[in-house]
Amino acid sequence: MRVVSAALVALILLLPLGLSDYRAYQLALYFLYAAAATGIGLCWGRAGFLPLGQAMFFGLAAYLAGLTLIWLGDSIWVFVLLPLAAATAGLLAYGIGLLVFRRQGESGPYFSMITLALSLLAFQLATSWNDVTGGFNGLKGIPGLPGLDDFSAAYYVSATALLIVLSLGAWLYAAPVGVLWRALAQNERRVALFGFNTNALKAVAFGVSGLFAGIGGAIYAPQQGLVTPQVAGFGLSADLVIWAAVGGRFGLLGPTLGVLLVGALTTELRDRIGFWEVLMAGFFILVVLAFPRGLIGVIAPLVRWLEGWQRTRPAVPAPPRRGATEPAQLTLSDVSAEIGEVKILDHLSLRIAGPGIFCIIGPNGAGKTSTFNLLTGELAPRGGCVLLDDAEITGLPPHRIIARGVGRKFQIPTIFTDLTVAENLCIALWSCRAAGIELLMPRLKRWTSPMLDELVRRYPFLAAGRRRAAELSHGQRQVLELAMALLTEPRLLLLDEPCAGLSPEETASVIDLIRWAGRKLQIAIVVIEHDMTLVKELAETIYVLQNGALLAQGDIDTIRANADVRAVYVGGEK
Amino acid sequence: MDPLIVTQALNVVYGVTTLALLVLGLAVIFGLLGVLNIAHGEFIMTGAYCAYVTQANGWPFLAALPLALIICGALGFVVERGLIRPLYARPFDTLVATWGLSLLLRKLTEAIFGMGFYNVDVPLPGTVALLGTDYPAYRLVLIAISGAVLIGLFVWFRISRTGTRIKAMVGNRELAEAVGLPVRRLATYTFVIGTCLAGLAGVLIAPLVPVQPFMGLDYVLKTFFVLVVGGLGTVMGVLSGAAVIGGLDSVVSAAIDATYGYLTVLVVAILFLWLKPRGLFARS
Amino acid sequence: MAQQILATTRRDFLGGAMGGIALGLAPGLIGSAQAADDFKIGLFYAQSGPASLFGPTQLASAQLAVDEVNKAGGIMGRQIKLFPTDAGGPPADTTKSAVRLLLEDKVDLLIGSHDSATREALVATIKSKVPYIYTPVYEGGECSYNTYVIADTPEQQIRPSVTWMMQERKARSFYLIGDDYVWPRKSNEHAKKYIADNGGKIVNEEYVPFGAPNKFEEAVTRIKSAKPDAVLITLVGADNVNFNRTFAGFGLDKEIARLSLLLEENTLKGIGADGSNNLFSCMSYYANAPGEANKKFKDAYFAKFGDKAPQLSIIGTDCYAGVNCAKALVEKAQGTNARALMTAANGLTFNSAAGPWTMYGQHVDKTMYIAGCKGTEFEIIKTIEHVKHGEACKAA
């Protein structure tokens, strides 16, 4: 792969030799747009939200850089302050992302509309704030970069900026954070339930995209010598999105391809073909309908064979999980919860003291899964409190609760089907082991742990790392999700019908795995289960819920002897 | 009362009701189908050109209404079948596709009518004395029509069979399909209703604005803002959104100037999107 | 181990590499070869964007001038080849095209019909390397080297029209409304001076955001309540149409006169007969201006383009004058040497659709017309000859 990257760099560096000054100049400008469009690819193709006002960050950096250059002229300090202009755009984007995502937590059209409105606002401010921005006619007379003012120098400056952006992008896409972005684009809730602050992750993605746009904008000012409100406005924002979509938002190079191809062809042909815009409009529609992955999706198969060249590198032992490791003591006291008008939990009190395997049973609608949702912070109680050990966890967001040692497996397997098996396992391994800056280190993809070795020994399909999780059978998905839950090595493991839909052989092996894990990890495992045979095999203590309250608790014999339970649970036993 | 204040108050009412009228088509398409139709403004433009064609042929103004319904309806049908249907599950892709569509419609109009401005004569020229001031008669009529269309749509949606079926489809598409509702056809109906409403608004607004290929751009963003402020899927949402966006724009424009009016609309839209993204009256 | 394979997958990076090669080569294939002895003129006009309403007449008028010049032997024996180029987008797009014209097409001269933001960007890009003729109505102040302006200036438009409004229509108080950018603001500065000189007063000065979807009910109501004698309008395009229709709709047209500083045939068509009562304009060209020159121009225009001829307008005829100016200028300077051109420009006479114009100080003195609107036609009310441009460019 290094060969290809090197070839790309060489191509970009040598290109001006074969091009006229004008083509070099034109490419240089499009490189800057490509830097901004790459950021859109990152947000939209990776993290799953679409920013519609990216020109705002491009424009902000361009104005800041322009003002700096006018102020400092050809002082060497501009080389310090221009990166700062780009960084300011990135920080602003990060700040906006944090504020909006924290408040909303969703990635739908509302976020897009906010960025769109912000971009319109930026355009209007740039137009109205005459004294600083020069108004509609723009900021004029911006000097070029000291010593780098001719066409070929400008080309290399832009090319370098784009290469920096693409390298940063390649690094991030390869890093754990890149995997997490793709995971949260697919199922944000699940990522949060692995203990990651998804809102912060999305804000980082938006911040990086703002930085990319800022890098483009900061170079744009000296290169063009003029910054007008349009560079902050809706027109450029929309162009960037269209370019990214046409080129292909999922790959790192797709947006660049889109910008260079569509943008450059437009400049070439707009003045020669009268109905050029009609052609373009038809082309966009065609791409969306026929090639949703963009043009890069069309050529991707041509290079797929190169994947065979992967080098294997030695595995690295994962560090131990952060935080306490002793088995969890869980106390629910007097907890009530409602969904809409329906009472889900009704003054529920129970205590689970690990280690051990505990089963929750009860008829449909008894509040079993709701109890799990409550424990992972997804259902807010109306009254009462939940204590993990001696600390209250009521009202904490899911990722903070997970960080205290809770793990969960859903009834319907919720793995990340767009990711590979290896990536799924990685996310579980990173959970509560890696945070902050560590998520930028691709090395983390080589982590392994004794638990992983054991799981692979038991289930060899987990070693087929490059297989997409979507290709797995239902049984394999159940096992993969259980494996992921176990890999986090929680102190309290919540399993919602882990054997649902499994064959008898698969069921036996899963039961064996759960029991092995209980012994090995010495943790509290809580299982929701309907099948009394399994309950009997697994559980030391059984809790029976009915109508959101605890009906009975005790070992299997106690429960069977309980008259109340028999009354509501006739026929529950197979 | 001060005639200045009365007139400005009427301006606010006019601003709100016409905005609601302009939004209706999008309220149906975005609010019910969830389709981010960037080409909404171009359907309004198509309606406005229908009004121009009517006038150019010497037909009475009202003849523009059926013409717009036929043309926008047919256009909506073709667009839904060819472009929107494959994209229901991919909202962002709809955005790109309808963006291309808006460009196409604009260019098509340009090819037929050229770039120039056209004007449509005001069907009811002159002013009417009202509450101590003179107010343009056609604008008063437009206020009344907007109100009537809003109420009509509200009632129709409530009591008609198609309205009920559309509600069922919007509420739970899978379930509606399971109980045998022709969901795909209903979606086409809904889309066509949306484009027809946009065309209707275009006809009615045509006598007041320059008719030209770019006119649609003026409406698309504002109408989206109205829907997110008001909330999707209810007539009350449309009305309250139009009241907030159109009302604030008018009030601030009247009290200070148009620049502040425009900035206020943007800031309020951002605040709503951020703090109350489901709007004032969202469909539950 | 699964993770190890993952670590070195760079499929994304690869996925685009091939594309990079393909597009790197593409532009090189689309070069264009031109005959060496053509005189190449780049024409910036509004092919896209809101101003593209003027595009057809800009192009047609320039084309007509090119045909006439070529038929008469070209410029110094060289046939003109026109390179029409879009200037309707953001300035950066236009400067990009300018670089192409300069470096690839190697044009000899540039003519521009676009807004001031683009003009300033172009002047900075061209760096006086080739002569540049700027044609449309503007706010004044362009004195860059090797740049020649044939536009109406504020002194030519505003002084005569405001003075006329005050002296002959007895307007004492004015309400100023315009789009918020440099041309309206600069024009209003001039207007305020002339109004004060004549002892009039300004009731209010108001700007609307340029490029935003504006509506004018509130502003018109304010005007109604302020009761000025006249409104001076520096709104452009759709805003101008919208304002005037709203103004008339509120019935203010009978009592309050309006003077619009950028009102030509296209805009008037949009305003329509029911919006144009008591509305005035002042420019150096109207399609039905009197004079032999205009008659000759119109005959040629309609002979060439027939029934489908684009609507005539000053925005177009200024492009016609621009091409004629180019011919006169280059032939007088015997080439495109900047110094020789600058010298030749002083006292240069060339043809416009309104008759011969003479340039000095990089601008043109001309005959101005004050016109009133009759339905969707202009009716010349007053002709003022030899109006000085009033710009103070120091001879370079």
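Residues numbered from 1 in each chain as written. Chains lettered and ligands numbered in written order. Predicted model: local features only at pLDDT ≥ 70, side-chain atom pairs only at ≥ 80, totals over all residues. Heavy atoms only, no water.

### Considerations on the overall build of chain C
Check the secondary structure of chain C and you find 13 helices and 14 strands. Against the compact-globule benchmark of 21 Å for 396 residues, chain C has a radius of gyration of 24 Å, which places it among compact chains. When its C-alpha atoms are laid out on the principal axes, chain C stretches across 85 × 65 × 45 Å. The buried share among the 396 residues of chain C stands at 64%. A sequence separation of at least 24 residues applies to 67% of the contacts in chain C between residues at least 6 apart. Charge-centre separation for chain C: the mean point of 42 positive side chains lies 2 Å from the mean point of 42 negative side chains. (Helix = DSSP H or I, 4+ residues; strand = E, 2+ residues; numbered from the N terminus. Rg over C-alpha atoms; globule rule 2.2 N^0.38 Å. Buried < 20%, exposed > 50% of the residue type's maximum accessible area, 1.4 Å probe, protein only. Contact = heavy atoms within 4.5 Å. Lys, Arg positive; Asp, Glu negative; His and termini not counted. Charge placed at Lys NZ, Arg CZ, Asp CG, Glu CD.)

### Notes on the layout of surface pockets
The computed volume of the second largest pocket comes to approximately 830 Å³. Forming the boundary of the second largest pocket are 32 residues, of which Glu110(B), Gly114(B), Met115(B), Gly116(B) and Pro56(C) lie nearest the centre. For the lining of the second largest pocket, the secondary structure elements donating two or more residues are helix H4 (91-113) of chain B together with helix H3 (55-71) and helix H10 (265-271) of chain C. When grouped by side-chain class, the residues that make up the lining of the second largest pocket number 14 nonpolar, nine polar and nine charged. (1 Å grid on protein atoms, 1.4 Å probe; cavity = no way out; pocket = protein on both sides within 12 Å on 5 of 7 lines; lining within 4 Å. Points joined across faces, edges and corners; volume = space filled by probe spheres on them. Nonpolar A, V, L, I, M, F, W, Y, C, P; charged D, E, K, R; others polar.)

### Details of the domain arrangement of chain C
Interface extent is often summarised as the accessible area lost during association of the parts. All names here are of chain C. When cut into domains, chain C gives domain 1 (39-152 + 288-365) and domain 2 (155-283). For domain 1 versus domain 2, the separation of C-alpha centres amounts to 29 Å. On the side of domain 2, twelve residues touch domain 1, which itself brings 15 residues to the contact. Taking both partners together, domain 1 and domain 2 bury about 1,200 Å²; carbon and sulfur atoms supply 61% of that area. On the surface where domain 1 and domain 2 come into contact, there are zero salt bridges. Counting the contacts that link domain 1 with domain 2 gives two residue pairs in polar contact (both at pLDDT 80 or more). Counting residues per element, the ones that place at least two in the side of domain 1 that touches domain 2 are helix H12 (314-333) and strand S13 (363-374). (Domains from an automatic or database assignment. Buried area = accessible area lost by both parts, 1.4 Å probe. Salt bridge = Lys/Arg side-chain N within 4 Å of Asp/Glu carboxyl O. Polar contact = N/O pair within 3.5 Å; in protein donor to acceptor, adjacent residues only side chain to side chain.)

### Re the packing of H3(C) against helix H11 (residues 292-305) of chain C
All names here are of chain C. Packing of H3 against H11 brings their axes to within 10 Å, and their N-to-C directions diverge by 105 degrees. Between H3 and H11, the interaxial angle falls into the category roughly perpendicular. Residue-level contacts link Thr 57, Ala 60, Ser 61, Gln 63, Leu 64, Asp 67 and Glu 68 of H3 to Phe 297, Ala 300, Tyr 301, Lys 304 and Phe 305 of H11. Within the contact of H3 with H11, the residues separate by chemical class into six nonpolar, three polar and three charged. (Axes fitted to C-alpha atoms, helices over the stretch in contact; angles between N-to-C directions. Parallel < 35°, antiparallel > 145°, perpendicular 65-115°, else oblique.)

### Regarding the sheet that holds strand S1 (residues 39-45) of chain C
All names here are of chain C. Read from one edge of the open sheet, five strands run S2-S1-S3-S4-S5, paired in parallel fashion. Of all the strands in the sheet, just strand S2 (80-86) and strand S5 (147-149) have a single pairing partner and so form its edges. Each neighbouring strand pair of the sheet contributes to a mean axis angle of 20 degrees, computed without reference to strand direction. Where strand S4 (residues 132-134) lies against S5, three bridges are found, and the strand directions are parallel. Across the sheet, residue Tyr 134 finds its bridge partner in S5, namely Val 149. Along the sheet face, H12 touches S1, S2, strand S3 (109-112), S4 and S5 and points at about 155 degrees away from the line of S3. (Pairing = 2+ DSSP bridges.)

### Structural notes on the packing of aromatic side chains
Any aromatic ring pair is given by two values, namely how distant the centres are and how the planes are angled relative to each other. All names here are of chain A. Across all of its chains, the model carries 40 aromatic pairs over all chains by this definition. Relative to Phe 58, the ring of Tyr 33 lies with its centre 5.7 Å away and its plane at 45 degrees, an arrangement referred to as tilted. With a gap of 25 residues between them, Tyr 33 in helix H2 (residues 21-47) and Phe 58 in helix H3 (residues 55-72) connect regions that are remote in the sequence. Each member of the pair, Tyr 33 as well as Phe 58, carries the same accessibility label: buried. An angle of 80 degrees between the planes, with centres 5.4 Å apart, marks the rings of Phe 57 and Phe 206 as edge-to-face. Placement of Phe 57 in helix H3 and of Phe 206 in helix H10 (residues 198-224) is noted, with a sequence separation of 149 residues between them. (Phe/Tyr/Trp six-rings, centres within 6.5 Å; stacked < 30°, edge-to-face > 60°.)

### Focus on the pairing of strand S7 (residues 201-208) of chain C
All names here are of chain C. Both strand S6 (residues 173-179) and S7 contribute to a ladder of seven bridges, which runs parallel. Paired with Ser 173 across the bridge in S7 is Lys 201. Handedness of the crossover joining S6 and S7 through helix H7 (residues 182-197): right-handed. (Right-handed = clockwise from strand over helix to strand, strands pointing away.)

### Topic: the domain arrangement of chain A
Residue and element names in this part refer to chain A. Taken domain by domain, chain A comprises domain 1 (25-237) and domain 2 (329-414 + 490-568). Domain 1 and domain 2 are separated by 47 Å when their C-alpha centres are compared. Each side of the interface is counted separately: domain 1 has nine residues, and domain 2 has ten residues. In total, about 790 Å² of surface goes out of reach between domain 1 and domain 2, with carbon and sulfur atoms giving 57% of it. For the domain 1 face of the interface with domain 2, the top three residues by lost area are Arg 189, Arg 190 and Leu 193, together amounting to 65%. The tally of links from domain 1 across to domain 2 stands at one salt bridge. Residue Glu 378 pairs with Arg 189 through a salt bridge whose shortest N-O separation is 2.2 Å. Viewed at the interface, domain 2 and domain 1 are joined by three residue pairs in polar contact (both at pLDDT 80 or more). Its residues placed into classes, the side of domain 1 that touches domain 2 shows four nonpolar, three polar and two charged.

### What about the packing of H3(C) against H12(C)?
All names here are of chain C. The geometry of H3 relative to H12 is characterised by a closest axis approach of 7 Å and an angle of 30 degrees between their N-to-C directions. Comparing their axes, H12 and H3 come out roughly parallel. For the crossing formed where H3 meets H12, the hand is right-handed. When H3 is examined against H12, the residues Thr 57, Gln 58, Ser 61, Ala 62, Leu 64, Ala 65, Val 66, Glu 68 and Val 69 are found in contact with a partner set consisting of Ile 315, Gly 316, Thr 317, Cys 319, Tyr 320, Val 323, Asn 324 and Lys 327. Its residues assigned to classes, the contact of H3 with H12 shows nine nonpolar, six polar and two charged. (Left-handed = near helix turned anticlockwise from the far one by under 90°.)

### Let's talk about helix H12 (residues 254-269) of chain A
Quick reminder: α-helices carry 3.6 residues per turn. Residues three or four places apart thus point the same way. In a regular helix each residue adds 1.5 Å, so 16 residues correspond to 22 Å; H12(A) covers 22 Å between its end C-alpha atoms and thus fits that length. With 13 of 16 residues buried, H12(A) lies mostly within the body of the structure. (Expected span 1.5 Å × (residues − 1).)

### Details of the sheet that holds strand S12 (residues 549-554) of chain A
Residues and elements named next belong to chain A. Across the sheet, which stays open at both edges, the six strands sit in the order S7-S9-S10-S4-S11-S12 with mixed pairing between neighbours. On the outer flanks of this sheet lie strand S7 (406-409) and S12, each paired with one strand and no other. Sheet twist, expressed as the mean angle between neighbouring strand axes with direction ignored, is 20 degrees. Strand direction decides the pairing type here: strand S9 (residues 492-496) and strand S10 (residues 524-528), joined by five bridges, are parallel.

### Notes on a nonpolar patch on the surface
Taken together, the side chains of Ile76(A), Trp77(A), Phe79(A), Val80(A), Leu84(A) and Leu148(A) make up a nonpolar region of the molecular surface, amounting to roughly 590 Å² of accessible area. Among the structural elements, Val80(A) can be located in helix H4 (residues 78-104). (Patch = residues over 30% accessible without salt bridge, like charges linked within 9 Å, V, L, I, M, F, W, Y side chains within 5 Å. Areas by Shrake-Rupley, 256 points an atom, 1.4 Å probe, with all protein chains shown as cover.)

### A short note on unusual backbone geometry
Residues and elements named next belong to chain C. Notably, Asn 278 is not glycine yet its phi reads approximately 65 degrees, a positive angle. Within the secondary structure, Asn 278 sits in the loop between H10 and strand S10 (279-283). Residue classification places Asn 278 among the buried positions, given a relative accessible area of 12%. One non-glycine residue, Gln 334, lies in the positive phi region at around 55 degrees. Structurally, Gln 334 can be placed in the loop between H12 and helix H13 (338-345).

### Things to note about the state of the cysteines
Residue and element names in this part refer to chain C. One pass over the structure, following the stated rule, counts one disulfide over all chains. Each sulfur of the disulfide joining Cys 143 and Cys 393 lies 2.0 Å from the other. Taking the sign of the torsion about the S-S bond as the criterion, the disulfide between Cys 143 and Cys 393, at about -80 degrees, is left-handed. On the criterion of sequence distance, the pair formed by Cys 143 in the loop between S4 and S5 and Cys 393 in the segment after strand S14 (377-387) is long-range, its members being 250 residues apart. For Cys 393, a relative accessible area of 12% gives the class buried. (Disulfide = S-S within 2.5 Å.)

### Brief notes about the interface of chain A and chain B
Taken together, the contact pairs 35 residues of chain A with 32 residues of chain B. In this assembly, chain A packs against chain B so that about 3,200 Å² is buried in total across both faces, 81% of it on carbon and sulfur atoms. Looking at the side of chain A facing chain B, the largest losses of area belong to Tyr110(A), Met113(A) and Val288(A), adding up to 19% of the total buried there. Applying the counting rule to chain A against chain B returns one salt bridge. Note that Asp93(B) is salt-bridged to Arg249(A), the shortest N-O span being 3.5 Å. The tally of links between chain A and chain B comes to two residue pairs in polar contact (both at pLDDT 80 or more). The set of elements that each furnish at least two residues to the side of chain A that touches chain B consists of H4, helix H5 (109-128), helix H11 (234-247) and helix H13 (276-290) of chain A.

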